[in-house]
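Okay, here's what each chain looks like letter by letter:
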Amino acid sequence: MENFVKEFDSYFQNFSFKEREKQIDKVDKKEFDIVIIGGGITGAGIAREAAIRGYSFCLVDKEDFAFGTSSKSSKLAHGGFRYLAQGEIKLVRESTTERNWLASALPNLVRPLGFVVNAYEGGKDSLSKIKIAVFLYDLISNFLSKYKNKNKHRYLTADKILEMEPEVKKEGLLGGAIYYDTNVDDSRLTIETIKDALAIAKSKKIDSYAFSYCRFIGFDKDENNYKLVYVQDRIGGLTHTIRGKVVINATGIWIDETLEKANIKQKFIRPTKGVHLIVKRQRLGNNNAFGLRSIDDGRFFFVIRRENYSYIGTTDTDYNENLDEPVCEKKDCDYLLNTINYVFPKANITYKDIISAYAGVRPLILEEGKSESAVSRKHIIYDHSNRFITIGGGKLTIFRKMAEDTILFLQKKGYIEQTKLKKNKLQSNKFKRNKRNISKKDYLIALKEKIIYKEELNKVGITRDYFDYCIRQYGKGAFIIFDYIIKNLDLGKRFIDDYILTKAEVVYHFNYEMALTISDILERRTETNCHLHYEKQRQLAEKIASFLIDFYGFNNDELKKQVEDYCERIDKNTRFLRENL
Ligand SMILES: Cc1cc2nc3c(=O)[nH]c(=O)nc-3n(C[C@H](O)[C@H](O)[C@H](O)COP(=O)(O)OP(=O)(O)OC[C@H]3O[C@@H](n4cnc5c(N)ncnc54)[C@H](O)[C@@H]3O)c2cc1C
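These remarks concern the structure in this document. Since this is a predicted model, take the numbers as computed values, not measurements.

This part takes up the pairing of strand β6 (residues 173-184). Within β6, eleven of the twelve residues are buried, leaving the element largely enclosed by the surrounding structure. Bridge analysis of strand β3 (residues 76-77) against β6 gives two bridges, and the strand direction is antiparallel. Following the sheet pairing, leucine 76 is matched in β6 by asparagine 183. Alignment of strand β4 (residues 110-120) against β6, held across eleven bridges, turns out to be antiparallel. Its bridge partner lying in β6, glycine 114 is registered against tyrosine 180. For strand β5 (residues 154-156) and β6, the ladder comprises three bridges, and the chain directions are antiparallel. Among the inter-strand pairings, leucine 156 is bridged to a residue of β6, identified as glycine 176.

As structure tokens, this is what we get:
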């Protein structure tokens, strides 16, 4: 264990709140190949791809990493089953390829999930259409692919569906099929990608950095034609100048706002909002995920099984309000529940059953005259011809492809030198072989064969369930958490009895994952904002605040403010529930 801790520390010690000030003070004196604005999955992927190909990078985000859409998605690495109906075969091939790679590279974070699709009498989708769709979906995914989806679709009779899913509506059920996509933790994927980028850069001795709470405010160039990127450090309060050969605008729904700051007058983004409701899975009674059609407008949406929870979503409506704080409203919730209670009639889900809700905004590319759902999910790379590049659109699932396209684009334009790595070849498929991440074999052993788990761990309070949860969440980082607990039993304690989060995890987030606030822990290092009932959130946030004051000596007033900020966001997303109970 000691050797592992040392090795882990050598890669990730700089990604600690303790090192931040020292690190940020260095950047004004450096010259980077690539400056990346935006630390969502798009920016994170570009940083990782840059590191793999030997380029230095400096990435900044105005908030926490994954603050934007990359923590508010449906949390699926998926091929886009519904895009088949829109004839987007190329996009489905690209997405399924990336999904399959992700599932093999990060098995703890990207886990197979079966989706049941049912045909009903008089419904929009006939049984034969569903059968053809699931067949094509797997064919597009697996035909001549290096990475295949090993979980094959199956056709289901009505009786079989009712045996597997006794809670679904029986009347008029003709049969259906099950196909497989994957669950992913979107914000953890983003943070792990940034960590991987930094670790790869470090192993190649290339100075590279990633800073959260560091806002892009303006742009210029110096006499050597280096781009000067001005950023404001929201923690230290200083303004810094970062020099780069090229600047990437990867700010998702804020792309147009960022362009304005760079004095570029162009519009790319059509923001559309999507919400999710979360209920306990046993309450809805589903055993798998479901692809459903809304009974109101025929739109496709999901019930997603995530461990003991069911996520219901999403919606897709044009959005022109505050990009920083989209919220779930009563009308969004009613739209989803209407269909849920039709398809799961015995469950009779009401507002009382909803434990949390969240809203995200899609960074779709403007396409005149199309409805929200019909806008393509393709990505674009745009050169503003002053070494300022915008990348937008796309999906979480295809972040590696988007990153590779961006780097190849920069090479082709001559903005960065060619490296020895071959062109047009996916170079970044090495999460799997990267010793810093858990391998599929380790993961399967840990979860299925129960070999890694040693009964002695029970003596220090690490139960089998907690062990599995940590491996899923943190990969090999889980062993750092276990090490903390072995050395200090108090760190193994939960903050509140009925929620799994322990003190050791919070220490890990601060020491190795650049967490800086309570929201960073509860919304992006874990899914606490989704999994703990909204009425208990304040109690937990206050306990964490007290712990941080005692353990690290953090400032009391600052922590109080962080608790209020977090609770306010939870309140906004659940206000309609409290007002209508
Ligand atoms: C409801 C919903 C469900 C979805 N479900 C899925 C799904 O299941 N699977 C899938 O593959 N895709 C899904 N998507 C799409 C996917 O989530 C997005 O395509 C992806 O997360 C976008 O990532 P991004 O990095 O481009 O943007 P973001 O994640 O929004 O990142 C942009 C970052 O830029 C930062 N920023 C903004 N301005 C500045 C500034 N001035 N200075 C510094 N930083 C700045 C922001 O703080 C933010 O962190 C979904 C989207 C939505 C809305």
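Bringing the side chain of threonine 315 into the picture now. Tracing the backbone through its elements, the reader meets threonine 315 in the loop between β14 (309-313) and β15 (317-318). A polar contact is formed between the side chain of threonine 315 and the backbone nitrogen of valine 275, at a distance of 3.0 Å. The contacts of threonine 315, once residues within four sequence positions are left out, are Lys273, Gly274, Val275, Arg299, Asp332, Tyr335, Leu336 and Arg362.

This part is about the site of the ligand. In the vicinity of the ligand there are 37 residues, among which Thr42, Asp61, Ser70, Leu76 and Thr397 approach most closely. Here a nitrogen atom of the ligand sits 2.9 Å away from a polar atom, N or O, in the main chain of serine 74. Here an oxygen atom of the ligand and a backbone polar atom of leucine 396 are 3.1 Å apart. Burial of the ligand by the surrounding chains reaches 97%, relative to a free accessible area of 1000 Å². For the shell around the ligand, the elements supplying multiple residues, two or more each, are α3 (41-52), β8 (214-221), β11 (269-280) and β16 (354-365). Shared between two domains, the shell around the ligand holds at least three residues of each, these being domain 1 (13-69 + 187-268 + 376-413) and domain 2 (77-184 + 271-370).

Let's shift gears to a nonpolar patch on the surface. Together, Ile132, Phe135, Leu136, Leu139, Phe143, Leu144 and Tyr155 give the surface a local cluster of nonpolar side chains, amounting to about 730 Å² of exposed area. Here the nonpolar patch takes four residues from helix α5 (residues 127-142), the largest share from any one element. By the secondary structure assignment, isoleucine 132 is in helix α5. Assessed through its relative accessible area of 52%, isoleucine 132 is described here as exposed.

If you check helix α10 (residues 330-343), its first and last C-alpha atoms are 20 Å apart, about what 14 residues at 1.5 Å a residue would give, namely 20 Å. If you check which residues of α10 are buried, you get Asp332, Cys333, Tyr335, Leu336, Leu337, Thr339, Ile340 and Val343.

On to the packing of aromatic side chains. Considering all chains together, one arrives at 38 aromatic pairs under this definition. Pairing tyrosine 311 with tyrosine 358 gives two aromatic rings, centres 6.4 Å apart and planes at 70°, and the pair type is edge-to-face. Placement of the pair is tyrosine 311 in strand β14 and tyrosine 358 in strand β16, with a sequence separation of 47 residues. Taking 5.6 Å as the distance between ring centres and 50° as the angle between the ring planes, the aromatic pair formed by phenylalanine 510 and phenylalanine 554 counts as tilted. A residue pair is termed long-range when its members are at least 10 positions apart, and phenylalanine 510 in helix α16 (residues 503-512) and phenylalanine 554 in the loop between α19 (537-552) and α20 (556-579) qualify at 44 residues. Three or more aromatic residues link up through ring pairs in this structure, and these residues are Phe17, Phe495, Phe510, Phe547, Phe551, Tyr552 and Phe554.

Once that is clear, we can look at the packing of helix α4 (residues 89-105) against helix α11 (residues 399-413). The contact between α4 and α11 brings their axes to 8 Å, and the two run at 110°. Between α4 and α11, the angle is such that the two are roughly perpendicular. Residues Glu94, Glu98, Trp101 and Leu102 of α4 pack against Phe399, Arg400 and Lys401 of α11. The residue inventory of the contact of α4 with α11, partitioned by class, reads three nonpolar, no polar and four charged.

Across the junction of glycine 313 and threonine 314, the peptide omega takes the value 20°, indicating a cis bond. Mapping threonine 314 onto the fold places it in the loop between β14 and β15. The residue lysine 205 is not glycine, and still its phi comes out positive at about 55°. By the secondary structure assignment, lysine 205 is in the loop between α7 (186-203) and β7 (209-211). Non-glycine residue asparagine 263 carries a positive phi angle of around 60°. You can call asparagine 263 exposed: its relative accessible area is 64%.

As a general feature of sheets, a regular strand has side chains that alternate between the two faces. Buried residues dominate β11, accounting for eleven of its twelve residues. Bridge count for β11 against β16 is eleven bridges, and the pairing is antiparallel. The partner of histidine 276 across the bridge, within β16, is tyrosine 358. Taken together, the five bridges between β11 and β14 define a ladder with antiparallel strand orientation. Among the inter-strand pairings, histidine 276 is bridged to a residue of β14, identified as glycine 313.

Counted by the stated rule, this structure contains 51 salt bridges. The shortest N-O distance in the salt bridge between aspartate 233 and arginine 20 comes to 3.0 Å. Remark: arginine 20 occurs in helix α2 (residues 20-26) and aspartate 233 occurs in strand β9 (residues 227-233); sequence separation between them is 213 residues. Each of the two residues, aspartate 233 as well as arginine 20, counts as buried. Aspartate 64 serves as the salt-bridge partner of arginine 524, at 2.6 Å between the closest nitrogen and oxygen. Pair noted here: arginine 524 is in helix α17 (residues 518-525) and aspartate 64 is in the loop between β2 (57-60) and β3, with a separation of 460 residues, a long-range link. This pair shows no difference in class: arginine 524 is buried, exactly as aspartate 64 is. One continuous salt-bridge network, built from bridges that share partners, spans Lys62, Glu63, Arg234 and Asp324.

This paragraph deals with the nonpolar core. Counting 83 residues, the largest nonpolar core has Leu277 and Ile544 as the members making the most contacts within it. Three or more residues apiece are contributed to this core by two domains, here domain 2 (77-184 + 271-370) and domain 3 (440-579). In this structure leucine 277 touches Ser310, Tyr311, Ile312, Cys328, Cys333, Leu336, Leu337, Ile354, Ser356, Ala357 and Phe576, once residues within four positions along its chain are discounted. Core analysis: the second largest hydrophobic core is formed by 35 residues, Tyr55, Ile194, Ala201 and Met514 among them.

The rules behind each value
- Residues numbered from 1 in each chain as written.
- Predicted model: local features only at pLDDT ≥ 70, side-chain atom pairs only at ≥ 80, totals over all residues.
- Heavy atoms only, no water.
- Buried < 20%, exposed > 50% of the residue type's maximum accessible area, 1.4 Å probe, protein only.
- Helix = DSSP H or I, 4+ residues; strand = E, 2+ residues; numbered from the N terminus.
- Pairing = 2+ DSSP bridges.
- Polar contact = N/O pair within 3.5 Å; in protein donor to acceptor, adjacent residues only side chain to side chain.
- Contact = heavy atoms within 4.5 Å.
- Near = heavy atom within 4 Å.
- Areas by Shrake-Rupley, 256 points an atom, 1.4 Å probe, with all protein chains shown as cover.
- Domains from an automatic or database assignment.
- Patch = residues over 30% accessible without salt bridge, like charges linked within 9 Å, V, L, I, M, F, W, Y side chains within 5 Å.
- Salt bridge = Lys/Arg side-chain N within 4 Å of Asp/Glu carboxyl O.
- Expected span 1.5 Å × (residues − 1).
- Phe/Tyr/Trp six-rings, centres within 6.5 Å; stacked < 30°, edge-to-face > 60°.
- Axes fitted to C-alpha atoms, helices over the stretch in contact; angles between N-to-C directions.
- Parallel < 35°, antiparallel > 145°, perpendicular 65-115°, else oblique.
- Nonpolar A, V, L, I, M, F, W, Y, C, P; charged D, E, K, R; others polar.
- Core = buried A, V, L, I, M, F, W, Y, C linked by side-chain atoms within 4.5 Å.

Structural measurements only, silent on function.
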